[in-house]
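Summary of structural features
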Amino acid sequence: MPYTKEGIGYQGRDTSMDAANSNVKGRQTIRDQVYEALASSPLPLSTEELAEKIGKPFASVQPRTSELCNDGRICDSGKRGKTQWGKACILWGVV
């Protein structure tokens, strides 16, 4: 995945690159918001809970949890929650 000079990742498409480059310096990325929400929580959280906590769509938050996990900043807490459909889901914790 390519990254901007600010470290914001984007897909190899012009629209994705434009969105990444539109991020004004000092403005938090969704990834930063997800990490801070998780770091400030006393309990591990699901991706759905994180999306609700930061007020962003699930579809925008889920890829950020994967990125943060791949970067070694968050991890599977070993605990499970339930999705809105009653399925088991990972509860994320900060490393």
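Above this text is the structure in question.
Counting of residues starts from 1 at the beginning of each chain's written sequence and follows it residue by residue. For this predicted model, a pLDDT threshold of at least 70 governs which residues receive local features, and a threshold of 80 or more governs which side-chain atom pairs are given and counted, while totals over whole chains, interfaces and linings are taken from all residues. Neither water nor hydrogens contribute to the side-chain values; these are computed over all heavy atoms in the structure.

Glancing now at the environment of D76. Comment: elements are numbered from the N terminus, with helices defined as DSSP H or I runs of at least four residues and strands as E runs of at least two. With respect to the secondary-structure elements, D76 resides in strand β1 (residues 74-82). Residues D76 and S46 lie 30 residues apart in sequence; the distance between their C-alpha atoms is 9.8 Å. Setting aside chain neighbours within four positions, we find D76 in contact with I90, L91 and W92. Within polar-contact distance, the side chain of D76 engages the backbone nitrogen of G78 at 2.7 Å. Note on contacts: a residue pair is in contact if any heavy atoms of the two residues lie within 4.5 Å. Polar contacts, as used here, are pairs of N or O atoms within 3.5 Å; protein pairs need one atom able to donate a hydrogen and one able to accept it. Residues neighboring in sequence count only if both atoms are side-chain atoms.

Our focus in this paragraph is the layout of surface pockets. In this analysis the probe radius is 1.4 Å and the grid spacing 1 Å, with only protein atoms considered; a cavity is a set of points the probe fits into but cannot get out of, a pocket is an open set with protein on both sides within 12 Å along at least five of seven lines, and lining residues have an atom within 4 Å of a point. Grid points are joined across faces, edges and corners, and a volume is the space filled by probe spheres set on the points. In this structure, the second largest pocket spans a volume of roughly 160 Å³. The wall of the second largest pocket is formed by 13 residues, among which T47, E48, F58, T83 and C89 lie closest to the centre. Put simply, the parts of the chain that give the lining of the second largest pocket at least two residues each are α3 (47-54), α4 (58-70) and β2 (88-94). With four residues, α4 is the single largest residue contributor to the lining of the second largest pocket. Residue classes follow a fixed rule: Ala, Val, Leu, Ile, Met, Phe, Trp, Tyr, Cys and Pro count as nonpolar, while Asp, Glu, Lys and Arg count as charged, and any other residue, Gly among them, counts as polar. Across the lining of the second largest pocket, the residue classes tally to five nonpolar, seven polar and one charged.

As for its placement among the helices and strands, T29 is situated in the loop between α1 (14-21) and α2 (30-39). For every residue, the accessible area (1.4 Å probe, protein chains only) is compared with the maximum for its type, and the residue is labelled buried under 20%, exposed over 50%, or partly exposed between those bounds. On the basis of relative accessible area, T29 is assigned to the buried category, the value being 19%. Along the sequence, T29 and I90 sit 61 residues apart, while their C-alpha atoms lie 22 Å from each other. There is a polar contact of 3.1 Å between the side chain of T29 and the backbone nitrogen of D32.

Multiplying one less than the number of residues by 1.5 Å gives the expected span of a helix. Over its 13 residues, α4 runs 18 Å from end to end, which matches the ideal 18 Å to within 8%, given 1.5 Å per residue. All buried positions along α4 are accounted for by V61, T65, E67 and L68. The buried residues of α4 all sit within an arc of 165 degrees when viewed along its axis, so they share a single face. When the buried face of α4 is taken as reference, the exposed residues oriented beyond 90 degrees from it are A59 and N70. Residues of α4 that are buried in the fold lie against α2, α3, β1 and β2. Remark: G72 follows α4 within two positions and exhibits a positive phi of approximately 75 degrees. It is the directions from the helix axis to the C-beta atoms whose arc is reported.

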